[in-house]
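Letter by letter, the chains look like this.
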Amino acid sequence: MSPLEMETSAIVLDCRDYGESDKIVTFLCPKAGRLSGLAKGAKRSKRRFVNKLELFSLLHLTYSLPRHGELAFIAAAELQASFLSLRHSVGLYNAATVIRECTLMGTSEKERSEKAFEILLWALRALDRKQPSHTVVILFLIRFFEYIGYRPDLLHCHHCGRSTATERTSEFNYMTGCLICEACSRHSLQTTVPLSLGTIKLLANAQSQPLERLHRLQFSLRAREESLNMLHHFGRQLFQRDIHSWKALLDPEGAGLKARYS
Ligand SMILES: [Zn+2]
């Protein structure tokens with residue numbers, strides 16, 4: 001390794017052909033944040049990069065940064081985990097794709113992102129262990145939105161301040177990221193989605209549990225549907241654009257894998 005080279009853990013978020021023989025790869029790294037780099041000869045070299053630059057792979061990366069310009073130079077990549085299960089299941093793959101799209105939108109180049117890296121790695125490992133894919137997406141998003149500074153307030157009504165712990169159903173205002181109790185919701189705006197008490201408790205639990213305990217949270221069908229609906233609306237509001245891969249998440253026979261491999 002030359003003195004200018006650096007090493008890091010990295011998860012592959014994007015990989016595109018560049019010219020006749022190279023690839024441009026985007027990674028999430030704990031300290032370097034979102035990092036895009038040129039993998040020279042990656043389209044041809046069977047030795048250096050083969051099977052390593054697949055989406056979601058966890059790598060040990062050796063790279064250098066040029067004085068000018070944006071792209072890092074990828075010197076070497078060692079495969080640490082390829083998360084094979086999620087490449088063989090449409091449902092798991094589609095879930096990983098939503099997680100990937102949100103990670104790309106919510107992280108910045110050269111901004112330390114240890115927490116985001118930790119949450120992303122947790123989600124990929126959970127999917128690889130074939131944990132329920134929709135639940136993994138819910139748990140990832142609730143923690144990821146907190147990481148980017150938008151932790152939903154799931155304890156109190158935003159209008160009257162009362163605890164929502166005794167409300168059968170509350171409304172979640174995805175414009176403000178706050179709950180509105182049943183009494184106040186009569187006067188609320190159109191930017192709300194319903195959340196039942198059970199769902200609110202699960203989501204609040206997901207905010208407070210350490211990552212290694214998240215897999216214990218079990219969501220009923222109703223809790224999954226309400227959570228996904230709430231997080232989809234909230235995510236679109238935060239990113240100010242659609243989450244394109246969401247459609248395939250709800251339609252496992254749909255476009256996800258076909259688009260990837262066609
Ligand atoms: Zn209220």
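Residues numbered from 1 in each chain as written. Predicted model: local features only at pLDDT ≥ 70, side-chain atom pairs only at ≥ 80, totals over all residues. Heavy atoms only, no water.

### Looking at the coordination of the zinc ion
Item 1. Protein coordination at the zinc ion: the donors are Cys-157 (SG), Cys-160 (SG), Cys-181 (SG) and Cys-184 (SG), at 2.2 to 2.4 Å from the metal.
Item 2. Here Cys-184 falls in the buried class, since its relative accessible area comes to 13%. (Donors = N, O, S within 2.8 Å, 3.2 Å for Na, K, Ca; no water. Buried < 20%, exposed > 50% of the residue type's maximum accessible area, 1.4 Å probe, protein only.)

### Describing the pairing of strand β5 (residues 72-81)
Item 1. Across two bridges, the pairing between strand β3 (residues 33-39) and β5 is parallel. When the bridges of β5 are listed, Leu-38 appears paired with Phe-73.
Item 2. Pairing geometry for strand β4 (residues 58-64) and β5, over seven bridges, is antiparallel. Following the sheet pairing, Ser-64 is matched in β5 by Phe-73. (Pairing = 2+ DSSP bridges. Helix = DSSP H or I, 4+ residues; strand = E, 2+ residues; numbered from the N terminus.)

### Description of the domain arrangement of the protein chain
Item 1. Domain annotation of the protein chain identifies domain 1 (6-82) and domain 2 (89-243).
Item 2. In this assembly, 17 residues from domain 1 lie in contact with 20 residues from domain 2.
Item 3. Both faces combined, the contact of domain 1 with domain 2 buries some 1,800 Å², and carbon together with sulfur accounts for 65% of it.
Item 4. The interface formed by domain 1 and domain 2 holds one salt bridge in total.
Item 5. As a salt-bridge pair, Asp-14 and Arg-100 come within 3.1 Å of each other at their nearest N and O atoms.
Item 6. In this assembly, domain 1 and domain 2 are joined by 10 residue pairs in polar contact (both at pLDDT 80 or more).
Item 7. Elements represented by at least two residues in the side of domain 1 that touches domain 2 include exactly β1 (6-18), β2 (22-29) and β3. (Domains from an automatic or database assignment. Contact = heavy atoms within 4.5 Å. Buried area = accessible area lost by both parts, 1.4 Å probe. Salt bridge = Lys/Arg side-chain N within 4 Å of Asp/Glu carboxyl O. Polar contact = N/O pair within 3.5 Å; in protein donor to acceptor, adjacent residues only side chain to side chain.)

### Quick word on the environment of Asn-205
Item 1. Among the structural elements, Asn-205 can be located in helix α5 (residues 197-208).
Item 2. Asn-205 sits in the partly exposed class, given a relative accessible area of 30%.
Item 3. It is 17 Å that separates the C-alpha atoms of Asn-205 and Arg-222, two residues lying 17 residues apart in sequence.

### Brief notes about the pattern of salt bridges
Item 1. In total, this model carries 11 salt bridges according to the counting rule given.
Item 2. A salt bridge links Glu-114 to Arg-112, with the shortest nitrogen-to-oxygen separation between them at 2.6 Å.
Item 3. In this structure Arg-112 comes out as exposed when scored by relative accessible area, which is 51%.
Item 4. Where Arg-151 meets Glu-146, a salt bridge forms, and the shortest distance between an N and an O atom there is 3.1 Å.

### Some remarks on the state of the cysteines
Item 1. What the rule picks out here adds up to zero disulfides.
Item 2. Cys-102 forms no disulfide, and the closest cysteine sulfur to it belongs to Cys-29, at a distance of 19 Å.
Item 3. Given the relative accessible area of 0%, Cys-102 is considered buried. (Disulfide = S-S within 2.5 Å.)

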